[in-house]
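Overview (structure and organization)
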Amino acid sequence: GGMLSLQDSESREVRSLDGVWAFRADDSPGRSAGFDGQWWSRPLRESGPVIDMPVPSSYNDITQDRSLRDFVGWAWYEKEFYPPRSWSKNGQRMVLRFESAHYETIVWFNSQEVVRHSGGHLPFEVEVTSLLHFGQLNRITVAVNNTLTPNTLPPGTITHYDDLTMYPPNYFEQEYSFDFFNYAGIQRSVKLYTTPKGYVDDIDVVTNFTGTTGHVIFNITVGGAPSSKVVAVVDLLDRAGLVVASSTKMNGLLVVSEANLWWPYTMHNDSAYLYTLKVSVSFEGTTDVYRLPVGIRTVRVTNKQFLINNQPFYFHGVNKHEDADIRGKGVDYPLILKDINLLKWLGANAFRTSHYPYSEEIMDLCDRHGIVVIDECPAVGMRSANNFVNATLVHHQQVMAELVRRDKNRPSVVMWSVANEPASSLAVAGPYFESVISYTRKLDPHRPVTFVANSPTPESDRAAKFVDVVCLNSYISWYHHPGHLELVTLQVNHFLSSWHAYYNKPVIQTEYGAGTIAGFHMSPAVMFTEEYQVEMMGNYHTSFDKLRQDFLVGELVWNFADFNTKQGTTRVVGNKKGVFTRQRQPKMEAHVLKERYLELIKTLGC
Ligand code: E9O
């Protein structure tokens, strides 16, 4: 089935289950007490003590309990609620939707198991029509497990330590080689929604244009009714609400004369034009209505250019994280809007969703504001050969299918990234990424596909030959030659040029950055001061300004803001490579970048 964004309409009602849920982390040996005791079979408070937990939020930073912050295993959540009686009328369909839960999730509805899902960051749902009790309390129980294995995305390993002279009984540690805290729990919203019996299950939209005429190629899938028995009305509305094209078919072509294209906000004023595809399907006397925002735009890659609407586009922006104090990776509108405002303040025209799909709340705003997105899946930290096995591959393809299904209609999304910094010089990585990338292209033939390579040389990479755009991270004068700012410009020139020469594809510098502790100053600059970040990035920019005349199509800073990581000797209360602090206040570099980005917009027109 489809996974359309939730929305209210004249035929659909969305009810949020966000708020305070009951919660218990199962810290029993083997984390099996909840399954042994069937905690889903009665209210959670009856099987032991519970605490209050907000949804959506990561659970890690909510309490004062260090063992909960670092908890690994099954965490149990529960919500009780009364559904409105009006939902029992007209044979409506009721669906329970999780916008995401990290990582492995099992859901029970009134004690009955209804759905399981693997993977964080992406939505899943289940119809619960026949299980709802009206006039009675209903109970949703969720068990969610954040354990990472060699076959999860992101992967990790669990090591057990059995020596009782050195470790307490049942002691184990979760390790992972990606650089952000493994926040867990129900991190996005939980919702119930209704549709009529026959409903719009999915919509596929592909757009292009010739001259001033726009084309919207659509395909509608219905659920709950045979499509031969459904009457469809498809209207494309402009911003003013006027119908500019329509159809009564389930699939076809809508032609828009004098079309307003969707442009990145830096390319045209008032640019991210969105039409509305209003889809109505009628079946047995009821009509389901769904309104899909549609941006008419094209994306294309040459050997040296990234083209949006046939115009060269230069990505100048950031990599982000879903990360903030207290809520961890929990969805939070004030934070999302602050970030959008900061991106625009900076003059950033793009970001990469490093290193996992972001919430639909932020993606919606990117569509509306004309911010360009490289949409990345959670394959990060794939550093060892045992990650590149069939079990991971099957899951990886499933994750790409779910990501494309969710984001395929978004004009802001211009490229899929299937991984960040995998060990792509291993022989096993070649066929592995060939499969993932060709599978992704089949899912979506209309967007370029990439992964972020980090082999030491272009020749040693086994997978970069399969991408459309070569994406590279580099840390000269940081991880390589720490302190040697004088090497940056020369080495960046050499590094990026050698990859372009080898693959003859456009290149994006998808990461470059310096750890910077806000308020640390030294001149001449030393590592971790604000001066060092400014000087290092300035030296990178000197190279970029030369290479963008040729094959370089983008520069994305690592990172937009400081973020939390696991504890380790190289991380001082998290990763400090942000140009903003974790609280979203600018470091010196933010002001410098702002000047650069505004200048780029002026000179490049994007
Ligand atoms: C991935 C990102 O998630 N790239 C990392 C970023 C970082 O700040 C991390 O936060 O560490 C950089 C990877 C650089 C690897 C170079 C190692 C070279 C050792 C000499």
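Structure first, text after, so check above.
A quick note: this is a predicted structure, and the numbers were derived from the prediction, not measured. (Residues numbered from 1 in each chain as written. Predicted model: local features only at pLDDT ≥ 70, side-chain atom pairs only at ≥ 80, totals over all residues. Heavy atoms only, no water.)

In terms of helices and strands, the protein carries 9 helices and 30 strands. What you see for the protein is a C-alpha radius of gyration of 25 Å, in line with the 25 Å of a compact globule of 606 residues. For the protein, the spread of C-alpha atoms along the three principal axes comes to 75 × 70 × 45 Å. In the protein, buried positions account for 59% of the 606 residues. Across the protein, the fraction of contacts at a sequence separation of at least 24, relative to all contacts at a separation of at least 6, is 73%. Summed over its atoms, the accessible surface of the protein is roughly 23400 Å², and 52% of this surface lies on carbon and sulfur atoms. One way to put it: in the protein the 56 positive side-chain charges average out to a point 3 Å from where the 64 negative ones average out. (Helix = DSSP H or I, 4+ residues; strand = E, 2+ residues; numbered from the N terminus. Rg over C-alpha atoms; globule rule 2.2 N^0.38 Å. Buried < 20%, exposed > 50% of the residue type's maximum accessible area, 1.4 Å probe, protein only. Contact = heavy atoms within 4.5 Å. Areas by Shrake-Rupley, 256 points an atom, 1.4 Å probe, with all protein chains shown as cover. Lys, Arg positive; Asp, Glu negative; His and termini not counted. Charge placed at Lys NZ, Arg CZ, Asp CG, Glu CD.)

This next bit is on unusual backbone geometry. That bond from His 102 to Tyr 103 is cis: its omega, 20 degrees, falls within 30 degrees of zero. Within the secondary structure layout, Tyr 103 lies in the loop between strand E5 (93-98) and strand E6 (104-109). Here the residue pair Ser 354 and His 355 is connected by a cis peptide bond, since its omega of -10 degrees sits within 30 degrees of zero. By secondary structure assignment, the location of His 355 is in the loop between strand E24 (350-352) and helix H4 (360-369). A positive phi angle, close to 45 degrees, is found at Glu 421, a residue other than glycine. With respect to the element layout, Glu 421 can be found in the loop between strand E26 (413-420) and helix H6 (429-443).

What follows deals with a nonpolar patch on the surface. Residues Ile 217, Leu 253 and Val 255 make up a contiguous nonpolar surface patch of about 240 Å² in total accessible area. Take Val 255: it is sitting in strand E17 (residues 251-256). Accessibility expressed as a relative area gives 42% for Val 255, which makes it partly exposed. (Patch = residues over 30% accessible without salt bridge, like charges linked within 9 Å, V, L, I, M, F, W, Y side chains within 5 Å. Salt bridge = Lys/Arg side-chain N within 4 Å of Asp/Glu carboxyl O.)

Residues Leu 277, Phe 315 and Leu 496 are the most contacted members of the largest nonpolar core, which totals 141 residues. Residue contacts for Phe 315: discarding those within four places in its chain leaves Phe 306, Asn 349, Ala 350, Val 372, Ile 374, Val 414, Ile 508, Val 553, Gly 554, Glu 555 and Leu 556. If you look at the next biggest cluster of nonpolar residues, it comprises 32 residues, including Leu 132, Ile 186, Val 190 and Leu 192. (Core = buried A, V, L, I, M, F, W, Y, C linked by side-chain atoms within 4.5 Å.)

What follows is about the pattern of salt bridges. Per the counting criterion, the structure on display carries 35 salt bridges. Between Arg 93 and Glu 127 there is a salt bridge whose closest N-O contact spans 3.5 Å. Residue Arg 93 is found in strand E5, and its partner Glu 127 is found in strand E8 (residues 124-127); the two are separated by 34 residues along the sequence. Glu 127 gets classed as partly exposed once you look at its relative accessible area, which sits at 43%. Taken together, the shared-partner salt bridges in this structure form one network comprising Arg 97, Glu 99, Glu 125, Glu 360, Asp 364, Asp 367, Arg 406, Asp 407 and Arg 410.

The next subject is the sheet that holds strand E1 (residues 13-16). The strand order across the open sheet built from 4 strands is E1-E12-E5-E8, with neighbouring strands paired in antiparallel fashion. Each edge of the open sheet is held by one strand with a lone partner, namely E1 and E8. Mean inter-strand twist for the sheet, computed between neighbouring axes without regard to direction, equals 20 degrees. (Pairing = 2+ DSSP bridges. Axes fitted to C-alpha atoms, helices over the stretch in contact; angles between N-to-C directions.)

Surrounding the ligand, one finds 13 residues, the nearest of these being Asp 179, His 355, Tyr 479, Glu 511 and Lys 577. Here an oxygen atom of the ligand sits 2.5 Å away from a polar atom, N or O, in the side chain of Asp 179. Here an oxygen atom of the ligand and a side-chain polar atom of Asn 575 are 3.0 Å apart. Relative to its free-state accessible area of 510 Å², the ligand is covered by the protein chains to the extent of 72%. Class assignment for the residues of the shell around the ligand results in 4 nonpolar, 4 polar and 5 charged. (Near = heavy atom within 4 Å. Polar contact = N/O pair within 3.5 Å; in protein donor to acceptor, adjacent residues only side chain to side chain. Nonpolar A, V, L, I, M, F, W, Y, C, P; charged D, E, K, R; others polar.)

Our focus in this paragraph is the sheet that holds strand E20 (residues 299-301). Across the sheet, 3 strands lie side by side as E20-E21-E22; this open sheet has antiparallel pairing. Two strands lie at the open edges of the sheet, namely E20 and strand E22 (311-312), each paired on one side alone. As defined by bridge partners, E20 adjoins strand E21 (residues 306-308) across 3 bridges and the pair is classed as antiparallel. Looking at the pairing, Val 301 lines up with Phe 306 of E21.

Inspection of the secondary structure puts Arg 31 in the loop between strand E2 (19-25) and helix H1 (33-36). Looking at Arg 31, the relative accessible area reads 18%, which means it is buried. When the C-alpha positions of Arg 31 and Val 72 are compared, they lie 8.9 Å apart, and in sequence the two are 41 residues distant. Dropping the residues within four chain positions of it, Arg 31 is found in contact with Asp 26, Phe 71, Val 72, Gly 73, Trp 74 and Phe 172.

What follows is about the packing of helix H8 (residues 530-547) against helix H9 (residues 588-604). The N-to-C vectors of H8 and H9 enclose an angle of 25 degrees; their axes lie 8 Å apart at closest approach. When the axes of H8 and H9 are compared, the pair comes out roughly parallel. Relative to H9, H8 is oriented so that their crossing is right-handed. Contacts between H8 and H9 involve Glu 530, Glu 531, Gln 533, Val 534, Met 537, His 541, Phe 544 and Asp 545 from the first element and Met 588, Glu 589, Val 592, Leu 593 and Arg 596 from the second. (Parallel < 35°, antiparallel > 145°, perpendicular 65-115°, else oblique. Left-handed = near helix turned anticlockwise from the far one by under 90°.)

Moving on to the packing of helix H7 (residues 488-503) against H8. If you want to describe how two helices pack, look at the angle between their axes and the distance between the axes. Contact geometry of H7 with H8 gives a least axis separation of 8 Å together with a crossing angle of 45 degrees. It follows from the interaxial angle that H7 and H8 lie oblique. Note on packing geometry: the crossing formed by H7 with H8 is right-handed. Here Val 488, Thr 489, Val 492, Asn 493, Leu 496 and Ser 497 of H7 come into contact with H8, specifically with Met 536, Asn 539, Tyr 540, Thr 542, Ser 543, Phe 544, Lys 546 and Leu 547. Its residues assigned to classes, the contact of H7 with H8 comprises 7 nonpolar, 6 polar and 1 charged.

Of note, His 500 is situated in helix H7. Exposure remark for His 500: the relative accessible area of 9% places this residue in the buried category. Those residues in contact with His 500 that sit more than four places away from it in its chain are Asn 303, Lys 304, Lys 505, Val 507 and Phe 551.

As a further point, take the state of the cysteines. Put plainly, a disulfide is one covalent bond tying together the sulfur atoms of two cysteines. This model, assessed by the stated rule, comprises 0 disulfides. The thiol of Cys 606 is not disulfide-bonded; the next cysteine sulfur, from Cys 471, is found 16 Å away. A relative accessible area of 2% places Cys 606 in the buried class. (Disulfide = S-S within 2.5 Å.)

Everything listed here is a matter of geometry and, on its own, says nothing about what the molecule does.
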